[in-house]
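Per-entry structural report
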Amino acid sequence: EDQVTQSPEALRLQEGESSSLNCSYTLSGLRGLFWYRQDPGKGPEFLFTLYSAGEEKEKERLKATLTKKESFLHITAPKPEDSATYLCAAHSGYALNFGKGTSLLVTP
Amino acid sequence: DAGITQSPRHKVTETGTPVTLRCHQTENHRYMYWYRQDPGHGLRLIHYSYGVKDTDKGEVSDGYSVSRSKTEDFLLTLESATSSQTSVYFCAISEFDSSSTDTQYFGPGTRLTVL
């Protein structure tokens, strides 16, 4: 069964304290790994798509990387406005398989 | 929200009543999806559509039906709502089919409570 697992479930950081979120997947024939940000009471907001191992993408303080078994979302010098739930999803050609998310809180 | 609206945004209903949720897009995207989001679960696909009058089941389709009579509208119906269908429902759209792994963009969601 295709599975996507995110860790940790929750993460609390001080402003400026860099860290990484993990997304591991067990799918045959990955066709894309997606990262979304979700704020409370809102729909997921698209961040990145990664297609092949070794690929990296950046946006402001966020950088996403992909290996054959997992993806990382690196957050450099986070600010309180980066607080949100981060979702990853793996696409195997039929549908997006979502992880349960990592809830990130960045305190001043 | 990429030109996607959902209505109603909040609804409280009673067990056994029919409920219809609406998703409207202004992007003219071919593909539309309905997901539900529950604590302890990732987003789960209910149904999707790959064109007008063309729909298919997702992972958790039991108890739900859908219809798409126009490109811009995708309706999700709970024929007889149950408490287990209390959830937040999200609509998503994409331009290409799933095999092209085109990005899915999500609407703001509908919070449904079934008493």
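What you see is a predicted model, and the numbers here were worked out from it, not measured in a lab.

Digging into the overall build of chain A
Check the secondary structure of chain A and you find zero helices and 11 strands. Taking 13 Å as the expected radius of gyration for a compact globule of 108 residues, we find that chain A reaches 13 Å, a close match to that expectation. In terms of principal-axis extent, the alpha carbons of chain A reach across some 40 × 30 × 20 Å. In chain A, which comprises 108 residues, the proportion classed as buried is 45%. Counting only contacts in chain A whose residues sit at least 6 apart along the sequence, the fraction spanning at least 24 positions is 53%.

Some words on the sheet that holds strand β8 (residues 73-78) of chain B
All names here are of chain B. If you trace the four strands from one edge of the open sheet to the other, you get β1-β3-β8-β7, paired in antiparallel fashion. Two strands in the sheet have a free side with no partner beyond their single neighbour: β1 (4-7) and β7 (64-70). Averaged over all pairs of adjacent strands, the angle between strand axes in this sheet comes to 20 degrees, irrespective of strand direction. Two strands pair when backbone bridges link them, and strand β3 (residues 19-25) and β8 are joined in this way by six bridges, in the antiparallel orientation.

Observations concerning the sheet that holds strand β7 (residues 62-66) of chain A
In sheet architecture, strand pairing relies on hydrogen bonds along the backbone and comes in two forms, parallel and antiparallel. Residue and element names in this part refer to chain A. Across the sheet, which stays open at both edges, the five strands sit in the order β1-β3-β8-β7-β6 with antiparallel pairing between neighbours. Of all strands in the sheet, those bounded by a partner on one side alone are β1 (3-7) and β6 (56-59). The sheet shows a mean angle of 15 degrees between the axes of neighbouring strands, taken without regard to direction. Bridge count for β6 against β7 is four bridges, and the pairing is antiparallel. By the bridge assignment, Lys-59 is partnered in β7 with Leu-62.

A look at the interface of chain A and chain B
Frequently, the measure chosen for interface size is the accessible area that the parts lose on association. Between chain A and chain B, the residue contacts involve 21 residues of the former and 22 residues of the latter. Here chain A packs against chain B, burying approximately 1,600 Å² in sum over the two surfaces, 54% of which is carbon and sulfur. Summed over the shared surface of chain A and chain B, the result is zero salt bridges. Inspection of the chain A/chain B interface yields three residue pairs in polar contact (both at pLDDT 80 or more). Contributions of two or more residues to the side of chain A that touches chain B are made by β4 (32-38), β5 (45-50), β9 (84-91) and β10 (96-98) of chain A. Residues belonging to the side of chain A that touches chain B are distributed by class as follows: 10 nonpolar, eight polar and three charged.

Rules behind the numbers
- Residues numbered from 1 in each chain as written.
- Chains lettered and ligands numbered in written order.
- Predicted model: local features only at pLDDT ≥ 70, side-chain atom pairs only at ≥ 80, totals over all residues.
- Heavy atoms only, no water.
- Helix = DSSP H or I, 4+ residues; strand = E, 2+ residues; numbered from the N terminus.
- Rg over C-alpha atoms; globule rule 2.2 N^0.38 Å.
- Buried < 20%, exposed > 50% of the residue type's maximum accessible area, 1.4 Å probe, protein only.
- Contact = heavy atoms within 4.5 Å.
- Pairing = 2+ DSSP bridges.
- Axes fitted to C-alpha atoms, helices over the stretch in contact; angles between N-to-C directions.
- Buried area = accessible area lost by both parts, 1.4 Å probe.
- Salt bridge = Lys/Arg side-chain N within 4 Å of Asp/Glu carboxyl O.
- Polar contact = N/O pair within 3.5 Å; in protein donor to acceptor, adjacent residues only side chain to side chain.
- Nonpolar A, V, L, I, M, F, W, Y, C, P; charged D, E, K, R; others polar.

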